[in-house]
Amino acid sequence: MLPLSGERKDAKGIISDKSDSADIIRGSSTLKRGFAHMLKNGVVMDVTTVEQAQIAEEAGAVSVMVLDKLPSDVRKAGGVARTASIRIIEDIMDSVTIPVMAKCRIGHVNEALVLQETDVDMIDESEVLTPADELRHIWKWDLTTPVVNGARSLAEALRRIEEGAAMIRTKGEPGTGNVAEAITHIKKVNDELRTIKSIYDSGDNQDLVRMAREFKVSYDIIEQTAKLGRLPVVNFAAGGIATPADAAYLMSLGCDGIFVGSGIFNANDAKERARAIVLATTFWNETDKVKEAQKMIDERQSMLGLDVKTLELRMQDRGGSA
């Protein structure tokens, strides 16, 4: 099912072209959300080099996300994290056949425009990078390229969708190898979806209005989401995913796919781990296949991991929840 509501005919990102007398529309919500749907049940891998991108493609990733540093390295390096080198992005685009994504800073319109001009397939307005604006996210309807945003709750996800996000990833804590926060956030979103679904099914429109006010979103998007019983866009899990079992568990909680970065390329068995996580994501509901995937890795080769409770920097909190 491809929910089509939420289209904005006045969106600046919609471009009309002509080719051989045929009208071509680019940048519509239908196309942006449709691209995200093509990635469902797949794995998007963070990469920093052409070699890593090729490993990801060979492992079966549906897309790669280009960064200057992996989230774990961003955490260690400190300072200001910005979008990746355009030259590296272009080199990776030339080296693989799968879609290429790249991250921009929260609220940084010009970084997003530069990535759009580079012809990346999707932009991630990401808390992994240092936010440019702690109060405002990019108005994504003005972009032709689809944008993915992170969220820790249903309210946060719906606000990003109203801004034009074509895809949501429930935030974990990136660069930690600790899946706990990713699990917490998808369960929170699921609980809130059940709540508004039950209100919708009861016919209590007044209570839906109350929820819209509480979530700081329009009544229309609350009603649509409640009717669907799920987000009206594709929702991937991200942050701290380091093993095939991590990926399978998040898929079992209703995620449409997986973003994974440091958990693969900061492990000592990157090629095997990449293939294993793709296998477990694809066959998440077949325990024997998940076991087979888990056997492909050695826990002694995994990244060390961090305790989220003792972190000085919590990336998931960056950019606020407005």
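Thresholds, definitions, all that
Residues numbered from 1 in each chain as written. Predicted model: local features only at pLDDT ≥ 70, side-chain atom pairs only at ≥ 80, totals over all residues. Heavy atoms only, no water. Helix = DSSP H or I, 4+ residues; strand = E, 2+ residues; numbered from the N terminus. Buried < 20%, exposed > 50% of the residue type's maximum accessible area, 1.4 Å probe, protein only. Areas by Shrake-Rupley, 256 points an atom, 1.4 Å probe, with all protein chains shown as cover. Core = buried A, V, L, I, M, F, W, Y, C linked by side-chain atoms within 4.5 Å. Pairing = 2+ DSSP bridges. Right-handed = clockwise from strand over helix to strand, strands pointing away. Polar contact = N/O pair within 3.5 Å; in protein donor to acceptor, adjacent residues only side chain to side chain. Axes fitted to C-alpha atoms, helices over the stretch in contact; angles between N-to-C directions. Parallel < 35°, antiparallel > 145°, perpendicular 65-115°, else oblique. Contact = heavy atoms within 4.5 Å. Nonpolar A, V, L, I, M, F, W, Y, C, P; charged D, E, K, R; others polar. Patch = residues over 30% accessible without salt bridge, like charges linked within 9 Å, V, L, I, M, F, W, Y side chains within 5 Å. Salt bridge = Lys/Arg side-chain N within 4 Å of Asp/Glu carboxyl O. Lys, Arg positive; Asp, Glu negative; His and termini not counted. Charge placed at Lys NZ, Arg CZ, Asp CG, Glu CD.

### Here's the deal with the overall build of the protein chain
Part 1: For the protein chain, the helix and strand inventory stands at 13 helices and 10 strands.
Part 2: Out of the 322 residues in the protein chain, the part that is buried amounts to 55%.
Part 3: Looking at the protein chain as shown, the accessible area adds up to about 14,200 Å², and 49% of this sits on carbon and sulfur atoms.

### Some remarks on the nonpolar core
Part 1: Ranked by size, the top nonpolar core spans 45 residues in total, and within it Met-45, Leu-250 and Ile-258 carry the most contacts.
Part 2: Ala-151, Ile-168, Ala-226 and Leu-231 belong to the second-largest nonpolar core, a separate cluster that totals 22 residues.

### A short note on the pairing of strand 3 (residues 43–47)
Part 1: Strand 3 sits mainly inside the fold: 5 of its 5 residues count as buried.
Part 2: Side chains Val-43, Met-45 and Val-47 project from strand 3 onto one buried face, and the interleaved Val-44 and Asp-46 project onto a second face that is buried too.
Part 3: Across 3 bridges, strand 3 lies against strand 10 (residues 257–260) in parallel orientation. Paired with Val-43 across the strands is Ile-258, a residue of strand 10.
Part 4: Bridge count for strand 3 against strand 4 (residues 63–66) is 4 bridges, and the pairing is parallel. Along strand 4, the bridge assignment pairs Asp-46 with Met-65.
Part 5: This β-α-β element, strand 3 to helix 2 (residues 50–59) to strand 4, shows right-handed connectivity.

### Remarks on the environment of Lys-171
Part 1: The residue Lys-171 is located in the loop between strand 8 (167–170) and helix 7 (180–202) in this model.
Part 2: A distance of 3.2 Å separates the side chain of Lys-171 from the side chain of Glu-156, its partner in a polar contact.

### Comments concerning the packing of helix 12 (residues 270–282) against helix 13 (residues 287–295)
Part 1: Running from amino to carboxyl end, helix 12 crosses helix 13 at an angle of 170°, the nearest separation of the two axes being 8 Å. By the angle class used here, helix 12 and helix 13 are roughly antiparallel. Contact residues: helix 12 offers Ala-276, Leu-279 and Ala-280, while helix 13 offers Lys-289, Val-290, Glu-292 and Ala-293.
Part 2: The class makeup of the residues in the contact of helix 12 with helix 13 is 5 nonpolar, no polar and 2 charged.

### Notes on the side chain of Thr-130
Part 1: For Thr-130, the location among the structural elements is in the loop between strand 6 (122–126) and strand 7 (147–151).
Part 2: The class for Thr-130 is buried, based on a relative accessible area of 19%.
Part 3: At a separation of 2.8 Å, a polar atom in the side chain of Thr-130 contacts the main-chain amide nitrogen of Ala-81.

### Details of the sheet that holds strand 7
Strand pairs in the sheet, formed through backbone hydrogen bonds, run parallel or antiparallel to each other.
Part 1: One closed barrel holds the 8 strands; their spatial order is 3-4-5-6-7-8-9-10, and the pairing between them is parallel. The average angle at which neighbouring strand axes cross in this sheet is 30°, direction not considered.
Part 2: Against the sheet, helix 5 (residues 109–117) makes contact with strand 5 (100–105) and strand 6, and its axis sits at roughly 160° relative to strand 5, the strand it touches most.

### Topic: the environment of Asn-266
Part 1: Topologically, Asn-266 is positioned in the loop between helix 11 (262–265) and helix 12.
Part 2: Considered as a pair, Asn-266 and Gly-177 are 89 residues apart in the sequence and their alpha carbons are 9.3 Å apart.

### Brief notes about a negative patch on the surface
Part 1: A surface patch of like charges, here negative, comprises Glu-90, Asp-91, Asp-94, Glu-117, Asp-119 and Asp-121.
Part 2: Per-element accounting of the negative patch gives the leading share, 3 residues, to helix 4 (residues 86–95).
Part 3: Structurally, Glu-90 can be placed in helix 4.
Part 4: Residue Glu-90 is classed as partly exposed on the basis of its relative accessible area, which comes to 39%.

### Re unusual backbone geometry
Part 1: The phi dihedral of Asn-41 falls on the positive side, at around 70°, and the residue is not glycine.
Part 2: Considering the arrangement of structural elements, one finds Asn-41 in the loop between helix 1 (29–38) and strand 3.
Part 3: In this model, Lys-216 sits at a positive phi of 65°, which is unusual for a non-glycine residue.
Part 4: Structurally, the position occupied by Lys-216 is in the loop between helix 8 (205–215) and helix 9 (219–228).

### Topic: the pairing of strand 9 (residues 234–237)
Part 1: With burial as the criterion, each face of strand 9 is covered, one bearing Val-234 and Phe-236 and the other bearing Asn-235 and Ala-237.
Part 2: Where strand 8 and strand 9 come together, 4 bridges link them in parallel fashion. By the bridge assignment, Arg-169 is partnered in strand 9 with Phe-236.
Part 3: Note: strand 9 against strand 10, 2 bridges, orientation parallel. Paired with Ala-237 across the two strands is Ile-258, which belongs to strand 10.
Part 4: Regarding topology, helix 10 (residues 244–252) serves as the crossover connection from strand 9 to the parallel strand 10, and that connection is right-handed.

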